[in-house]
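Fold and contact review
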Amino acid sequence: MFDQLDLDDRLCQAVTEMGFKSPTSIQSLVIPPAMEGQDILANAPTGTGKTAAFLLPACQFLLDFPRQQPGSCRILILTPTRELALQVYEQAKLIAQFTELECGVITGGINYGTDRDTLDKNLDILVATPGRLFEHIETESFDCREIECLILDEADRMLDMGFSAIVNQISAEARWRKQSMLFSATLEGAGINRFSQELLTNPVFIEASPSRKENAKILQWVHLADDPAHKYALLKNILANQIETAVVFVKTRDRLNQLKQMLERDGFKVIWLQGEMPQDKRIDALARFKSGEIKILLATDVASRGIDVENISHVINYDLPRTADIYVHRIGRTARAGKKGIAISIAEAHDMGILAKIERYTKQRLKRRVIEELRPKHKEARPPVKKKKPKSEKKKVKRPKKAKKR
């Protein structure tokens, strides 16, 4: 139970109101060392409660050591995307709802006047995207000297989006802080190792393995397509007959616009999310999808993380992603918090290479399924297997003769 983690009664009341009965594995592992002030390097799958894992100890610190005088924010949380920043901010407000802690959020796409109103408050917790926050640091409208804890959510995504240099500069500006935490769905590669070494001091490494109860179960399979027309016919059949709510992923904005027009022409109601989209339109699109007004969300990989919508029944990879780890983040939009979900990929012949990489990365072979009336004409191409030569055909290696002793 949460009260066994030495959390303030007001925080325990808040998580109860939010519907959390007991801590998830990542929360049980992170909260004790975080409350002791240790730096944290945490790896946890999406949908396992990692946001509360860093918000609860942060709020507990603020309650244990209340502000003595007005000033700038004390807890800074950086997220790679606007959508994720807004979601973390909403959860921070819910966790702090029975306290007097002040939360704020600033992201790109919002009027600078709104940012100034937010930053003028005596903020305890600020959630921000790196680019917009650094603009305020450069114009001296935000002061990092009072930051006591720096938290990075989805650090690997920040690296993917090119925020490494900006995050390091923000970290340097907040060099008087007492604690840092870095959270990520994947902690692989030299980039993350370098990132953690630059930002963290003797961190506690935490790798959460969700319990069977909370572990999301995602059924995954592939439909093979002969050509683009066959591929679109498969998508239409799936959307018409199988889904309740679905996120459909495509590679580029041009592909998204093309698919949107085709689906609307064929009578499907869709909403979409892509890069360089005005923030008010992003918020409106997500609100209509979350409310169930529109059942189909088309998205580029700007939405492969940070979209926390309950009850998404399907993720459909209309275009396979460029890397296997992006596939994992895409399908993580379904089966949130232990619920079941389905991930369907539609693959043409040119996708077989990345499909093989995805299977190696996830350590499972994705089942091939067939819609009878749309059965593919061509068989799946498999890489040729090199046959071993019989021992009799192997060339004998002549060894040099030893020199005779004289």
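Here goes a summary of the coordinates provided. Small disclaimer: the values here were computed from a predicted structure and weren't measured.

Here the focus is the packing of helix α3 (residues 50-64) against helix α4 (residues 82-95). Think of two packed helices as two axes; the pair is described by the angle between the axes and how far apart they sit. Look at α3 against α4: their axes get within 10 Å of each other, and the N-to-C directions meet at 45 degrees. Put simply, α3 runs oblique to α4. Taken as a pair, α3 and α4 cross one another with a handedness that is right-handed. Between α3 and α4, the residues in contact are Thr51, Ala52, Phe54, Leu55, Leu56 and Cys59 and Val88, Gln91, Ala92 and Ile95, respectively.

Moving on: the environment of His350. Tracing the sequence through the fold places His350 in the loop between β13 (340-347) and α14 (352-362). A distance of 3.2 Å separates the side chain of His350 from the side chain of Asp351, its partner in a polar contact.

Another aspect to go through is a positive patch on the surface. A grouping of Lys217, Lys340, Lys367 and Arg369 is seen on the molecular surface, where their side chains present a positively charged patch. Mapped onto the elements, Lys340 comes out in strand β13.

With that settled, the discussion passes to the sheet that holds strand β2 (residues 75-78). Spatially, β3-β4-β2-β5-β6-β1-β7 is the arrangement adopted by the seven strands of the open sheet, whose pairing is parallel. Of all strands in the sheet, those bounded by a partner on one side alone are β3 (103-106) and β7 (204-207). Taken pair by pair, the neighbouring strands of this sheet meet at an average axis angle of 15 degrees, ignoring direction. Here four bridges tie β2 to strand β5 (residues 149-152), and the two strands are oriented parallel to one another. For Leu76, the partnering residue across the bridge sits in β5 and is Leu150. On the sheet, helix α5 (residues 112-119) packs against β3 and β4 (125-128) and is oriented at approximately 155 degrees with respect to β3.

This next bit is on the sheet that holds strand β11 (residues 296-299). Reading across the sheet, the seven strands line up as β10-β11-β9-β12-β13-β8-β14 and stay open at both edges, with parallel pairing between neighbours. With one partner strand each, in any of the chains shown, β10 (270-273) and β14 (367-368) form the two edges of the open sheet. Of the strand pairs in this sheet, strand β8 (residues 217-224) and β13 are connected by eight bridges, and their pairing is parallel. Counterpart to Leu224 in the pairing with β13 is Ala347.

Let's shift gears to the packing of aromatic side chains. Inspection of every chain in the model, using the stated rule, returns two aromatic pairs. Note on Phe61 and Phe65: the rings are 5.3 Å apart at their centroids and 40 degrees apart in plane angle, and the pair reads as tilted. Directly above the ring of Tyr112 sits Arg132, whose terminal nitrogen or CZ lies 3.9 Å from the centroid. The lysine or arginine in question, Lys231, covers the ring of Tyr318, its NZ or CZ lying 4.8 Å from the ring centre.

Conventions we followed
Residues numbered from 1 in each chain as written. Predicted model: local features only at pLDDT ≥ 70, side-chain atom pairs only at ≥ 80, totals over all residues. Heavy atoms only, no water. Axes fitted to C-alpha atoms, helices over the stretch in contact; angles between N-to-C directions. Helix = DSSP H or I, 4+ residues; strand = E, 2+ residues; numbered from the N terminus. Parallel < 35°, antiparallel > 145°, perpendicular 65-115°, else oblique. Left-handed = near helix turned anticlockwise from the far one by under 90°. Contact = heavy atoms within 4.5 Å. Polar contact = N/O pair within 3.5 Å; in protein donor to acceptor, adjacent residues only side chain to side chain. Patch = residues over 30% accessible without salt bridge, like charges linked within 9 Å, V, L, I, M, F, W, Y side chains within 5 Å. Areas by Shrake-Rupley, 256 points an atom, 1.4 Å probe, with all protein chains shown as cover. Salt bridge = Lys/Arg side-chain N within 4 Å of Asp/Glu carboxyl O. Lys, Arg positive; Asp, Glu negative; His and termini not counted. Charge placed at Lys NZ, Arg CZ, Asp CG, Glu CD. Pairing = 2+ DSSP bridges. Phe/Tyr/Trp six-rings, centres within 6.5 Å; stacked < 30°, edge-to-face > 60°. Lys NZ or Arg CZ within 6 Å of the ring centre and 35° of its normal.

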